[in-house]
Amino acid sequence: MASIGHEVIGIDVDLDKIDALSRGEAPFYEPGLPEILVEGVASGRLRFSADISDAAGAQVHFLAVGTPQQPGGYAADLTFVDAAVDALIPHLAPGDVLAGKSTVPVGTAVGIAERIRSTGATLVWNPEFLREGWAVQDTITPDRLVVGIPKDAGGERAAGILREVYHPAVAAETPFIVTDYATAELVKVAANAFLATKISFINAMAEIAEVTGADVTQLADAIGHDSRIGRRYLGSGIGFGGGCLPKDIRAFSARAEELGRGESIAFLREMDAINLRRRARAVRLTIDALDGVYEKNITVLGAAFKPHSDDVRDSPALDVAIHLRGFGANVTVTDPAAIPNARRLHPQLTYVEDRDEALRDADAILIVTEWDEYRRQLSPEHASSLTDGRVIIDGRNCLDAAAWRDAGWRYFGMGRP
Ligand code: UGA
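On a predicted model such as this, the values are computed, not experimentally measured, just so you know. Along every chain, residues carry numbers that run from 1 in the direction the sequence is written. A pLDDT threshold of at least 70 governs which residues receive local features in this predicted model, and a stricter bar of 80 or more applies before side-chain atom pairs are shown or counted, although totals over entire chains, interfaces and linings include all residues. The basis for every side-chain value is the complete set of non-hydrogen atoms in the structure, without hydrogens or water.

Novice: Would you take a moment to explain the site of the ligand for this structure?
Specialist: Around the ligand, the structure places 21 residues, and the nearest of them are L130, E132, K188, N192 and Y233. The side chain of Y233 places a nitrogen or oxygen atom 2.6 Å from an oxygen atom of the ligand. Any N or O atom pair separated by 3.5 Å or less is treated as a polar contact, with the protein-specific requirement of one donor-capable and one acceptor-capable atom, and with residues adjacent in sequence counted only for side-chain atom pairs. Taking F305, its main chain carries an N or O atom lying 2.9 Å from an oxygen atom of the ligand. Elements are defined by DSSP. Helices are runs of H or I of four residues or more, strands are runs of E of two residues or more, and each kind is numbered from the N terminus. Of all the secondary structure elements, the ones that give two or more residues to the shell around the ligand are α8 (181-212) and α10 (245-258). Residues are grouped as follows: nonpolar covers Ala, Val, Leu, Ile, Met, Phe, Trp, Tyr, Cys and Pro; charged covers Asp, Glu, Lys and Arg; every other residue, Gly included, is treated as polar. When the residues that make up the shell around the ligand are grouped by side-chain class, the tally is 10 nonpolar, four polar and seven charged. One heavy atom suffices: a residue is near a molecule or strand as soon as one of its heavy atoms comes within 4 Å of it.

Rendered as structure tokens:
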């Protein structure tokens, strides 16, 4: 927002984060973010504060706090949304726009609008579609903007203000969809549910491929050429994780149950189950390949839930590592960015920063996060110089199977012969 000319103040309750951001240091790994952050802070247009009263005077307030899965349940935990709205209310002025970006159960916005009514501010719902690892690009050049507005006259005015806020994207004729609250809230969860379904669909095909000798990656290429289907999000392997897709499909299921329409999206539970089965499959493949993993040395390449991120929330990679350790393997995990976060979450695993050191004397190598360092920059010949183990498990179907086999390795993919 600062980089496109706005005066911005970012507010958070975490003082350490505020201090780091104020020094121009990003508190997490996100390509392109450090540069744009330093620029924003240096320009004076971007400031940070832990004091919510600093929000007073802004014309637009973005609400972007997390909505994690409830402990012990499927529904979204709205504690942080509620706390942020309560804290903000005394500082909202008539004519202000409150733009909700948090992913919330459908029906939440109408309740927030009611709570802020007496302030004279207008609530719009403006869901977020950025992908971690591409956050800067997705924010500055989004593929669509969605704004849910109230039915009264203030709604159109607020949508106009958001058009001004997003002026570069609007000038570039990015689709700008103005709708009601419920549709805006649903667009977000429907998009993530669709993406999760696409990934689980191809992983279901991988399960069929495994009993028929078919190759799921070729299958994905072939169906992906149909422009109605498309190849993106047909990447098979150990499936989806992270802070969004898994918890969003669960929260959506929970909300649909509350609305008496659980059956309409009952298939999402199946998508979740397929997804989790693929993690177990990678563990089983490893056990079978090594004829048992007890006291075997296993190197796990990747800890983040996907490349270009240090996020380990619900990471399939770490899940696989933890289970192998549970079977008695000596598991060594490496990752170019996520080791500090992984270590905090699972201190019982062994972490090694250097890829080659991590690979030394491995009886089996698992690639579970497809960083370029592993996918493109690790040749079978180089791996052979580090270990006599000749087993490679490709949990992301991202390696050239023939090249590894030609170099004398036993290669195992997920749904590929
Ligand atoms: C996802 C959505 O893609 C964003 O549009 C959305 O804004 C975001 O959630 C959110 O709700 O905030 P993100 O969680 O950053 O973004 O990650 P994705 O790139 O969608 O990947 C999710 C998971 O699916 C990763 O574990 C990835 O490895 C896996 N994946 C992705 C596959 O297994 N196969 C694929 O073909 C693609």
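Novice: I'm lost on the side chain of D138 in this one. Help?
Specialist: If you trace the backbone, D138 turns up in helix α5 (residues 135-140). You can call D138 buried: its relative accessible area is 13%. When checking whether two residues touch, look at their non-hydrogen atoms; a contact exists if any pair is within 4.5 Å. Excluding anything up to four places from it in sequence, D138 contacts F129, L130 and R131. Residue exposure (1.4 Å probe, protein chains only): buried if accessible area is under 20% of the type maximum, exposed if over 50%, otherwise partly exposed.

Novice: Teacher, can you tell me more about unusual backbone geometry here?
Specialist: Glycine aside, residues mostly have negative phi, and peptide bonds are mostly found in the trans state. In this structure, E295 is a non-glycine residue whose phi angle is positive, near 60°. Not every positive phi belongs to a glycine, and D314 is a case in point at roughly 45°. Mapped onto the elements of the fold, D314 is located in the loop between β8 (297-301) and α12 (316-326).

Novice: I would appreciate a short explanation of the packing of aromatic side chains in the present structure.
Specialist: To describe a pair of aromatic rings, you give the distance between the ring centres and the angle between the ring planes. Between 30 and 60 degrees the pair is tilted, below 30 it is stacked and above 60 it is edge-to-face, where a pair is any two Phe, Tyr or Trp rings, Trp via its six-membered ring, whose centres lie within 6.5 Å. If you walk through the whole model with that rule in mind, you get three aromatic pairs. Pairing W404 with W409 gives two aromatic rings, centres 5.1 Å apart and planes at 85°, and the pair type is edge-to-face. When sorted by exposure, W404 lands in the same class as W409, which is buried. Charge over a ring is defined by NZ of Lys or CZ of Arg lying within 6 Å of the ring centre and within 35 degrees of the ring normal. The aromatic ring of F129 is capped on one face by R144, whose charged end is 3.6 Å from the ring centroid. Directly above the aromatic system of Y74 lies the positively charged group of R250, at a separation of 6.0 Å from the ring centroid.

Novice: How should the nonpolar core be read in this particular structure?
Specialist: The nonpolar side chains of a soluble globular protein tend to be buried, and buried together. With 50 residues, the main nonpolar core has I298, V320, L324, V331, V333, I365 and W404 as its most contacted residues. Per element, the largest residue contribution to this core is six residues, and it comes from helix α11 (residues 267-290). If near-sequence neighbours (up to four positions away) are discounted, V331 is found in contact with I298, V300, A321, L324, R325, L349 and T350. Throughout, nonpolar core names a set of buried Ala, Val, Leu, Ile, Met, Phe, Trp, Tyr and Cys residues whose side chains join them through atoms within 4.5 Å. Residues A84, V85, L123 and V146 belong to the second largest nonpolar core, which totals 20 residues.

Novice: Would you mind showing me how to read the sheet that holds strand β9 (residues 330-334) here?
Specialist: Whenever strands of a sheet pair, they do so through backbone hydrogen bonds, lying parallel or antiparallel. Between any two strands, pairing holds if DSSP finds at least two bridges. What the six strands build is an open sheet, ordered β10-β9-β8-β11-β12-β13; its pairing is parallel. Pairing within the sheet leaves two strands with one partner each, and these edge strands are β10 (350-351) and β13 (410-412). Lines fitted to C-alpha atoms define the axes, with helix axes restricted to the stretch in contact, and inter-axis angles between N-to-C directions lie between 0 and 180 degrees. Relative to strand β12 (residues 391-394), α11 is tilted by about 165°, and along the sheet it contacts β8, β11 (364-367), β12 and β13.

Novice: Is there a simple way to think about the pairing of β8 in this case?
Specialist: Each regular strand carries side chains that alternate between the two faces of the sheet. Along β8, four of the five residues are buried, which leaves the element largely enclosed by surrounding structure. Pairing between β8 and β9: five bridges, direction parallel. Paired with I298 across the two strands is V331, which belongs to β9. The handedness rule is simple: strands pointing away from the viewer, and a clockwise path from the first strand over the helix to the second, make the crossover right-handed. Handedness of the crossover is the feature at issue here: the chain leaves β8, passes through α12, returns alongside β9, and the resulting connection is right-handed. Bridge count between β8 and β11: four bridges; the pairing is parallel. By the bridge assignment, I298 is partnered in β11 with A364.

Novice: What is the right way to read the pattern of salt bridges from this model?
Specialist: Any Lys or Arg side-chain nitrogen located within 4 Å of an Asp or Glu carboxyl oxygen qualifies as a salt bridge. In this structure the tally under the stated criterion is 27 salt bridges. Between D143 and R144 there is a salt bridge, with its nearest N and O atoms 3.1 Å apart. Its relative accessible area of 57% is what places D143 among the exposed residues. With a shortest N-O distance of 2.6 Å, E210 and R278 are connected by a salt bridge. Of this pair, E210 sits in helix α8 while R278 sits in helix α11; the two residues are 68 residues apart in sequence, bridging distant segments of the chain. With relative accessibility at 26%, the residue E210 sits in the partly exposed group. What you see here is one network of salt bridges that share partners, running through E207, E210, R277, R278 and R281.

Novice: When you look at the packing of α8 against helix α9 (residues 216-224) in this model, what are you seeing that I'm missing?
Specialist: To characterise two packed helices, one gives the angle between the axes of the helices and the distance between these axes. Viewed as axis vectors pointing N to C, α8 and α9 meet at an angle of 135°, and their least axial separation amounts to 9 Å. In terms of orientation, α8 lies oblique with respect to α9. Remark: the crossing between α8 and α9 carries right-handed chirality. Taking contact as the criterion, the partners of F201, I202, M205, A206 and A209 in α8 are, on α9, V216, L219, A220 and I223. Every angle not falling under 35 degrees, over 145, or within 65 to 115 is termed oblique; those three ranges are roughly parallel, roughly antiparallel and roughly perpendicular. Helix crossings fall into two classes, left-handed where the near helix is turned counterclockwise from the far one by less than a right angle and right-handed where it is turned clockwise.

Novice: Sorry, what's going on with the pairing of strand β4 (residues 97-100) here?
Specialist: By the alternation rule, side chains of β4 split into V97 and A99 and L98 and G100, which are all buried. Of the pairings in the sheet, the one linking strand β3 (residues 60-63) to β4 comprises four bridges and is parallel in character. Among the inter-strand pairings, F62 is bridged to a residue of β4, identified as A99. Crossover connection from β3 via helix α3 (residues 79-88) to parallel β4: handedness right-handed.

Novice: Got a minute to help me understand the environment of R269 in this structure?
Specialist: As for its placement among the helices and strands, R269 is situated in helix α11. Beyond its immediate sequence surroundings of up to four residues, R269 is in contact with Y74, S253 and E257.

Novice: So what exactly am I meant to see when it comes to helix α6 (residues 154-165) here?
Specialist: At 3.6 residues per turn, the α-helix brings residues three or four places apart onto the same side. The terminal C-alpha atoms of α6 lie 17 Å apart, and with 12 residues this matches the ideal 16 Å at 1.5 Å per residue to within 8%. Residues of α6 that are buried: G155, A158, A159, I161, L162 and V165. End-on, the buried residues of α6 take up no more than an arc of 155°, which puts them together on one face. With respect to the buried face of α6, the exposed residues turned more than 90 degrees away are E156 and E164. Buried residues in α6 make contact with β3, β4, β5 (122-125), β6 (145-148), α7 (167-171) and β7 (176-179). Multiplying 1.5 Å by the residue count of a helix minus one yields the expected span of that helix. What the arc covers is the set of directions going from the helix axis to the C-beta atoms.

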